[in-house]
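In case you want the letters, here they are:
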Amino acid sequence: MIKTVRTFIEKQQLLTPDAGPVLVGLSGGADSVCLLLILHQLGYPVEAVHCNFKLRGEESDRDEQFVIGLCEKSNIQLHLIHFDTKTYAALHKISIEMAARELRYNYFEQLRRDLKAQAICVAHHQDDSVETILMNLLRGTGLRGLTGIKPRNGYIVRPLLCVSRQQIEQWLEAQGQLYITDSTNLVADVVRNKLRLNVIPQLQTITPAATENILTTARRLAEAEHVYNHAIDTSLQRLITADAISISQLLSEPSPESILFEWLSPKGFSPAAIEDLYLRLPQVQSGRQWQSESHVLTVHQGRLMLSAIEADRPTLRIPDTGLYANDDGEYFRLTEQAGRLIKREPYQACLDAALVCFPLTLRPVKTGDRFQPYGMQGTRLVSDYLTDRKLSVVEKRRQLVLTDAKGQILWLVDHRPDGRFCVGPQTQQTLIISHERR
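Residues numbered from 1 in each chain as written. Predicted model: local features only at pLDDT ≥ 70, side-chain atom pairs only at ≥ 80, totals over all residues. Heavy atoms only, no water.

**Concerning unusual backbone geometry**
Negative phi values dominate among residues other than glycine, just as trans dominates among peptide bonds. We count it as follows: Each helix is a run of H or I in the DSSP string that is no shorter than four residues. Each strand is a run of E no shorter than two, and both are numbered from the N terminus.
Across the junction of Phe358 and Pro359, the peptide omega takes the value 0°, indicating a cis bond. Locating Pro359 in the fold gives a position in the loop between strand E14 (348-352) and strand E15 (360-364). Positioned with a positive phi, Ala242 is a non-glycine residue whose angle comes to about 50°. Along the chain, the position of Ala242 falls in the loop between helix H9 (210-239) and strand E7 (244-246).

Okay, structure coming up:
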């Protein structure tokens, strides 16, 4: 058993003997007790971490006393913490199970940083991996969801993925080592428990090697995943330019939907939204959008353009001439010059100072904004003007306008001033507004 775990750790490069402390999540159950004692016997500088979630009354306190006694007997440093899990779950509007998970792993990570530990070891084993595969299969999953639990996820490592629950219990029995049992694991209430207690035993009556065969398939799929990831990465590097993809080029790929999924799912887009996008691609119109919590995907001129959702750009009040900076690090300089001055620079506007009523306001474009573009007759919607200039929806959202004290648009920043305020034959003083980026 110890040789098997040592070989697995070395093959997967999970731990290094002299790289600092190794934290072990210790619940007191068979799996975590086995993990702690094996790593201790292998000579790693282990320190145990126990979380009391206060969810099972006397049983939770029993677990705590057990791990205290085990660590004292083994001369292992123990880090102990209590959580008010129910209050945390209610406050964050999440399930008790998710609350316990968040509390546990947040504390693990905090402790790892404080102690400069090399890793956080948790006791997932082969049976856990099989349960995870079956859960993902029932929910509907892709290739990645069928490869099982990974040996490493950042600083979280799982040295017992090379052994089964039966092997763990047999080893503990041979050592004469006691452990405690969480009574909630013996009730077929949640999905994982139903799989563990009902489904997997039934599968083993059909095929005794069911769990071994599932793990073998997962290993083969993990190898296939390497090929898949390489092909996807190559395609994305070739297709993406400035967070945009040509729709025609995407549709010429062998699996456009897979490329979309790997590109967009890390940005929070759901599988259903990605499937909807893929089905609409051949006839999708410019301006169509899909949005996740953090990003927006826009169709513009035959391209899919991805951008992060930004907070509303702040307004900037300009009481008089001078140099002003907004929160985006952009500078606006306002100066006056005697006489008539006309400059045709895109980042400057020359206005008749006598027609401009301070204070001015620099703000994002709003729905319904209108102005009279210099050189044109009548007013136009700003949104229509920007569409004619072929700006994308994202670029429109970031567009700024400069307005006077009456709320009238003086300048569509970086595009065109309003003709009613521009320098004319009667101008005696010119107000020069410059947009500067430093």
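**A look at the sheet that holds strand E13 (residues 330-338)**
Counted only if it meets this: By this definition, two strands are paired if DSSP reports at least two bridges between them. Lines are fitted to the C-alpha atoms to define the axes, a helix being fitted only along its stretch in contact, and any angle between axes, read from their N-to-C directions, falls within 0 to 180 degrees.
A sheet is described by the order of its strands in space; here four strands give the open sequence E12-E13-E21-E14, paired in antiparallel fashion. Each having just a single partner strand, strand E12 (322-325) and E14 make up the two edges of the open sheet. Pairwise comparison of adjacent strand axes, ignoring direction, gives a mean angle of 20° for this sheet. For E13 and strand E21 (residues 429-437), the ladder comprises nine bridges, and the chain directions are antiparallel. Directly across from Glu330, in E21, lies its bridge partner Arg437.

**A look at empty space enclosed by the protein**
Inclusion rule: Two kinds of site are reported from a 1 Å grid over the protein atoms alone, namely cavities, where a 1.4 Å probe fits but cannot get out, and pockets, open sets with protein on both sides within 12 Å along at least five of seven lines, and residues are called lining when an atom falls within 4 Å of a point. Grid points are joined across faces, edges and corners, and a volume is the space filled by probe spheres set on the points. Gly is placed with the polar residues, together with every amino acid not listed as nonpolar (Ala, Val, Leu, Ile, Met, Phe, Trp, Tyr, Cys and Pro) or charged (Asp, Glu, Lys and Arg).
For the structure shown, the criterion picks out one cavity of 30 Å³ or more. Taken as a whole, the largest cavity encloses approximately 50 Å³ of empty space. Surrounding the largest cavity, Arg313, Pro314, Asn326, Asp327, Asp328, Leu362, Arg363 and Leu400 form its lining. Considered class by class, the residues forming the lining of the largest cavity number three nonpolar, one polar and four charged.

**Digging into helix H4 (residues 85-92)**
Our working rule: Working definition: with a 1.4 Å probe on protein chains only, accessible area under 20% of the residue-type maximum means buried, over 50% means exposed, and in between means partly exposed. Working note: the arc is built from the helix axis to C-beta atom directions. We call two residues in contact when some of their heavy atoms are within 4.5 Å.
All buried positions along H4 are accounted for by Thr85, Tyr88 and Ala89. Taken end-on, H4 shows its buried residues confined to a sector of 100°, consistent with a single buried face. Residues of H4 that are exposed and point over 90 degrees away from its buried face: Lys86, Ala90 and Leu91. Where H4 is buried, its residues contact helix H5 (96-115). Once H4 ends, the next one or two residues include Lys93, with phi positive near 55°.

**Some remarks on the packing of aromatic side chains**
Aromatic rings considered in pairs are described by the distance between their centres and by the relative angle of their planes. Rules: Stacked, tilted and edge-to-face are the three classes applied to pairs of Phe, Tyr and Trp rings, where Trp contributes its six-membered ring and a pair requires centres within 6.5 Å; stacked means planes under 30 degrees apart, edge-to-face means over 60, and tilted covers the rest. Definition used: whenever NZ (Lys) or CZ (Arg) falls within 6 Å of the ring centre and also within 35 degrees of the ring normal, the charge is taken to sit over that ring.
For the structure on display, the rule yields four aromatic pairs. Aromatic pair Phe53 and Phe83: ring centres 5.7 Å apart, planes at 20°, arrangement stacked. Highlighted residues: Phe53 in the loop between strand E2 (46-52) and helix H3 (58-74) and Phe83 in the loop between strand E3 (77-82) and H4, separated in sequence by 30 residues. Taken together, a centroid distance of 5.7 Å and an interplanar angle of 80° make the contact between Tyr105 and Phe108 edge-to-face. In this pair, Tyr105 and Phe108 both sit in helix H5, three residues apart, roughly one turn of the helix. Among the aromatic side chains, those forming a connected cluster through ring pairs are Phe53, Phe83 and Tyr107. Positioned above the aromatic ring of Tyr155, the side-chain terminus of Arg112 is 3.5 Å from the ring centre.

**Focus on the pattern of salt bridges**
Under the convention used in this document: In the sections that follow, a salt bridge refers to a side-chain nitrogen of Lys or Arg positioned within 4 Å of a carboxyl oxygen of Asp or Glu.
Here the structure, examined in full by the defined rule, presents 21 salt bridges. Ionic pairing is found between Arg144 and Glu262, a salt bridge with its closest N-O pair at 3.5 Å. Remark: Glu262 occurs in helix H11 (residues 256-264) and Arg144 occurs in the loop between helix H6 (126-139) and strand E5 (152-153); sequence separation between them is 118 residues. Since its relative accessible area comes to 40%, Arg144 is described here as partly exposed.

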